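Summary of the model geometry
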Amino acid sequence: MKKITLYDPIPDMIPDPLPLPTELLAIASLLDKDYEIRIFDFRSDKKEVVEHAKDSICFGLTCLTGLQISDGLEVAKAVREANPKIPIVWGGWHPSLLPEQTIQNEYVDIIVRGQGERTFYELVQALEKGKSLKDINGISYKKSGKIFHNPDRSLEDLNNFPRLPYYLIDVNRYI
């Protein structure tokens, strides 16, 4: 089964209890039946994250502005070193609000801007099949050293998506 590796970086302040990674569960919701999806967070063994990502279709992470960026970059760098060809996909508030700044980093290949469920689904399908990314609304990406910003994707009613696949995480780690 094809694999997808997702990562939730360390927040600026670590609340107790730690909030569930709902944004990663949301983007996994359309894909979890057809792919082996692993969701890691900053408490995970980084070597395990890198190992799982080695033969994944892509490595995705979410981040807010702040400490999550540096933690995300550190893990993305380790993933890239282990697998130089893996697409590294960033999403969340920071990349959505500052896509031009974010996409310029060498450890960012693709940005999912805004609501990510449908966009990430289409992106994974395109990456798996080796198709062009030019028709996927809601992404920014690099190709041959050039940066492209596709049109925004319209918001979609959350009722159009499956329930969050909570079984992908150990909920007890967040309680």
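These lines cover the structure that appears in this document, whether it is placed above or below. If you're wondering where the values come from, they're calculated on a predicted model, not measured in any experiment. (Residues numbered from 1 in each chain as written. Predicted model: local features only at pLDDT ≥ 70, side-chain atom pairs only at ≥ 80, totals over all residues. Heavy atoms only, no water.)

Describing the pattern of salt bridges
Heads up, the rule is: The working definition used for a salt bridge is a side-chain nitrogen of Lys or Arg within 4 Å of a carboxyl oxygen of Asp or Glu. Here a strand is any run of E in DSSP of at least two residues, a helix any run of H or I of at least four, and the numbering for each starts at the N terminus.
All told, the structure shown has 10 salt bridges when counted by the stated rule. We note a salt bridge from arginine 153 to glutamate 122, for which the minimum N-O separation is 2.7 Å. Placement of the pair is arginine 153 in the segment after β7 (146-149) and glutamate 122 in helix α6 (residues 117-129), with a sequence separation of 31 residues. Several salt bridges share partner residues, and in doing so they unite Asp41, Arg43 and Arg173 into one network.

Notes on the sheet that holds strand β1 (residues 3-8)
Within a sheet, neighbouring strands are paired by backbone hydrogen bonds and run either parallel or antiparallel to one another. Operational definition: Strand pairing is defined by DSSP finding a minimum of two bridges between the two strands. To obtain each axis, a line is fitted to C-alpha atoms, and for helices this fit is confined to the stretch in contact; angles are then taken between N-to-C directions over 0 to 180 degrees.
Pairing is mixed in the open sheet, where seven strands are placed in the order β2-β1-β3-β4-β5-β6-β7. The open sheet has two edge strands, β2 (36-41) and β7, and neither has a second partner. The sheet shows a mean angle of 20 degrees between the axes of neighbouring strands, direction not considered. Note: strand β4 (residues 88-91) against strand β5 (residues 110-112), three bridges, orientation parallel.

Details of the nonpolar core
Note the following rule: We define the nonpolar core as a collection of buried residues of types Ala, Val, Leu, Ile, Met, Phe, Trp, Tyr and Cys that are connected through side-chain atoms lying within 4.5 Å of one another. When a residue's accessible area, from a 1.4 Å probe over protein chains only, is under 20% of the maximum for its type it is buried; when over 50% it is exposed; and in between it is partly exposed. Contacts: residue pairs with any heavy atoms within 4.5 Å of one another.
Ile4, Leu6, Ile37, Phe59 and Phe120 are the most contacted members of the largest nonpolar core, which has 46 residues in total. Excluding residues within four positions of it along the chain, leucine 6 makes contact with Leu24, Ile27, Ala28, Ile37, Arg38, Ile39, Phe40, Gly60 and Phe120.

Some thoughts on the pairing of strand β3 (residues 56-62)
It is a general feature of regular strands that their side chains alternate between the two faces of the sheet. Spelled out, the test is: Viewed with both strands pointing away, a crossover whose connecting path from the first strand over the helix to the second turns clockwise is right-handed.
Counting buried positions over the seven residues of β3 gives seven, a clear majority of the element. Where β1 lies against β3, four bridges are found, and the strand directions are parallel. Bridge pairing links lysine 3 to serine 56 in β3. Where β3 lies against β4, four bridges are found, and the strand directions are parallel. Bridged to phenylalanine 59 within β4 is isoleucine 88. As for the winding sense of the linkage, the β-α-β connection from β3 through helix α3 (residues 67-82) to β4 is right-handed.

Thoughts on the pairing of β7
By the bridge criterion, four bridges tie strand β6 (residues 139-143) to β7 in an arrangement that is antiparallel. The residue of β7 that forms the bridge with lysine 143 is lysine 146. Where β6 folds back onto β7 in an antiparallel hairpin, the turn is made up of two residues, including serine 144, whose phi is positive at roughly 50 degrees.

Comments concerning the layout of surface pockets
Put simply, the rule reads: Points on a 1 Å grid over protein atoms alone make up a cavity when a 1.4 Å probe fits among them but cannot get out, and a pocket when they form an open set with protein on both sides within 12 Å along at least five of seven lines; lining residues each have an atom within 4 Å of a point. Grid points are joined across faces, edges and corners, and a volume is the space filled by probe spheres set on the points. Here the nonpolar group is Ala, Val, Leu, Ile, Met, Phe, Trp, Tyr, Cys and Pro; Asp, Glu, Lys and Arg are the charged ones; every other residue, Gly included, is treated as polar.
Its volume calculated, the largest pocket comes out at about 670 Å³. In this structure, the largest pocket is lined by 32 residues; those nearest its centre are Glu23, Leu24, Thr62, Gly92 and Trp93. When contributions to the lining of the largest pocket are tallied by element, the ones reaching two or more residues are α1 (22-28), β3, β4, α4 (93-97) and α6. In terms of residue count, α1 provides more of the lining of the largest pocket than any other element does, five residues in total. Residues belonging to the lining of the largest pocket are distributed by class as follows: 18 nonpolar, 10 polar and four charged. In this structure, the second largest pocket encloses a volume near 170 Å³. Lining the second largest pocket are Arg80, Pro84, Lys85, Ile86, Pro87, Asp109, Ile110, Leu127, Leu133, Tyr141 and Lys142. Looking at the lining of the second largest pocket residue by residue, the classes come out as seven nonpolar, no polar and four charged.

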